[in-house]
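Coordinates in review
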Amino acid sequence: IEYEYAITTNGSLLTPNNIQFLLENKFNFFQITIDGSKENYNKNRPTIDGKGTWDLIFRNLKNLKAHNDKQFTVYLRVNYNYEVIENIDELLKKVTLELDERFLIFFHSIGKWGEKNDENLDVVDYRLEPFALKFLVEKKIQYGLDPIANCSIFFPYEGVCYASKPYSFTLGIDGKLRKCNEENSIKDKFNIVGTIENGRIEIDRAKLAKFILPNGTYSLKEKCNNCEFLPLCCGQGCPVNRLETGKDSCHSAFTILDDLLYLRIKYLMRKEENEKEKIEASKI
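Attention in this report is confined to the structure presented alongside it. (Residues numbered from 1 in each chain as written. Predicted model: local features only at pLDDT ≥ 70, side-chain atom pairs only at ≥ 80, totals over all residues. Heavy atoms only, no water.)

**Details of the overall build of the protein**
- Per the secondary structure count, the protein includes 13 helices and eight strands.
- Its C-alpha atoms give the protein a radius of gyration of 21 Å, near enough to 19 Å, the size a compact globule of 284 residues would have.
- Considered along the principal axes of its C-alpha atoms, the protein spans approximately 70 × 45 × 45 Å.
- Across the 284 residues in the protein, those meeting the buried criterion constitute 40%.
- Nonlocal contacts in the protein, meaning residues at least 24 apart in sequence, comprise 63% of its contacts between residues at least 6 apart.
- Both charge centroids of the protein, one from 40 positive and one from 42 negative side chains, sit 2 Å from each other. (Helix = DSSP H or I, 4+ residues; strand = E, 2+ residues; numbered from the N terminus. Rg over C-alpha atoms; globule rule 2.2 N^0.38 Å. Buried < 20%, exposed > 50% of the residue type's maximum accessible area, 1.4 Å probe, protein only. Contact = heavy atoms within 4.5 Å. Lys, Arg positive; Asp, Glu negative; His and termini not counted. Charge placed at Lys NZ, Arg CZ, Asp CG, Glu CD.)

This is the structure:
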């Protein structure tokens, strides 16, 4: 069996030696958080002693880029609120000038996930999220950046939450197997579906079924059966929300799916035109 690996990281420990090790050992996908402009990032993601980390992270990204002989993909995850959106041009310009096509920007709204700092968070109103995302994807295209990271939602199964997938688990340092990677005392009542102890995997199949079966049963809800987006999410948006509230939540991007598809096509057409222009220029 041949394995390939992915890593999610803030990028602070991607030293040249660590990068070399990861690339030599088939780590070919990276998700690295870089939330907007230098000012926004240093404000929201300082070190424990309050120092900014933007320069360190971007230096490490350029060290990764320097491996021109390696094929890998980096999702630069931009967690956004209104302040990040307002200053997004600075980041897009820097990525365009200093990185390459292996680095794809992926936008995700900042959310309140039930922790004590929620009341202090500035978040985009959930009713405006799809339109904020559309604006950001349009911005990417203006800078010639591939929007595929946010446009892949229109591919089959892309709307299925990883927690709904039967082969996906999160292993905590406590040896517990969870479906969702969020950990708190409320969620853990249904989120812990098994353990790894003494070299054995033990699964609570009844708990597991509530995650991997649509609606937690063997039948879809009527609204899902009649939905044109069913091939994208299979009725499996966010099982945690369903288990907590009893309600299914549809992917917010479905409301702008036509727009995202159009923007992806627009980018590809513009890219093809640019390539033709380069070929013609080379003949002169």
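Let us keep going from here.
**What about the pattern of salt bridges?**
- Following the criterion strictly, the structure yields 18 salt bridges and no others.
- Measuring nitrogen to oxygen at the nearest pair gives 2.5 Å for the salt bridge that ties Arg264 to Asp146. Pair noted here: Arg264 is in helix H13 (residues 257–283) and Asp146 is in the loop between helix H6 (129–142) and helix H7 (148–151), with a separation of 118 residues, a long-range link. For the pair formed by Arg264 and Asp146, the shared burial category is buried. (Salt bridge = Lys/Arg side-chain N within 4 Å of Asp/Glu carboxyl O.)

**Examining the nonpolar core**
- Residues Phe30, Ile34, Leu76, Tyr80 and Phe107 are the most contacted members of the largest nonpolar core, which totals 49 residues.
- In this structure, Cys161, Ala163, Cys180 and Phe190 belong to the second largest nonpolar core, which totals seven residues. (Core = buried A, V, L, I, M, F, W, Y, C linked by side-chain atoms within 4.5 Å.)

**Considering a nonpolar patch on the surface**
- A cluster of nonpolar side chains, Ile1, Tyr3 and Tyr5, forms an exposed patch at the surface whose accessible area comes to about 410 Å².
- Considering the arrangement of structural elements, one finds Ile1 in the segment before strand E1 (5–9). (Patch = residues over 30% accessible without salt bridge, like charges linked within 9 Å, V, L, I, M, F, W, Y side chains within 5 Å. Areas by Shrake-Rupley, 256 points an atom, 1.4 Å probe, with all protein chains shown as cover.)

**Quick look at the side chain of Arg242**
- As for its position among the elements, Arg242 is in helix H12 (residues 239–245).
- Relative accessible area serves as the criterion here: at 8%, Arg242 is assigned to the buried category.
- Arg242 has contacts with Lys210, Phe211, Leu213, Asn215, Gly216, Gln236, Lys247 and Asp248, leaving out every residue within four places of it along the chain.

**A look at the pairing of E1**
- In this structure, E1 lies alongside strand E2 (residues 27–33), joined through five bridges in parallel fashion. Bridging across to E2, Thr8 finds its partner in Gln31.
- In this fold, the crossover linking E1 to E2 by way of helix H1 (residues 16–24) has right-handed handedness. (Pairing = 2+ DSSP bridges. Right-handed = clockwise from strand over helix to strand, strands pointing away.)

**What about the layout of surface pockets?**
- A volume near 450 Å³ is recorded for the second largest pocket.
- Around the second largest pocket, the lining comprises 18 residues; the ones closest to its centre are Glu101, Gly144, Leu145, Tyr267 and Lys271.
- Take the lining of the second largest pocket: its biggest share by element is six residues, from H13.
- In terms of residue class, the lining of the second largest pocket is made up of eight nonpolar, three polar and seven charged. (1 Å grid on protein atoms, 1.4 Å probe; cavity = no way out; pocket = protein on both sides within 12 Å on 5 of 7 lines; lining within 4 Å. Points joined across faces, edges and corners; volume = space filled by probe spheres on them. Nonpolar A, V, L, I, M, F, W, Y, C, P; charged D, E, K, R; others polar.)

**Details of the packing of H1 against helix H3 (residues 54–65)**
- Relative to each other, H1 and H3 sit at 45 degrees, their axes nearing to 10 Å. Regarding the angle of H1 to H3, the classification is oblique. Taken as a pair, H1 and H3 cross one another with a handedness that is right-handed. Facing H1, whose interface residues are Pro16, Ile19 and Leu23, H3 presents Asn60, Asn63 and Leu64. (Axes fitted to C-alpha atoms, helices over the stretch in contact; angles between N-to-C directions. Parallel < 35°, antiparallel > 145°, perpendicular 65-115°, else oblique. Left-handed = near helix turned anticlockwise from the far one by under 90°.)

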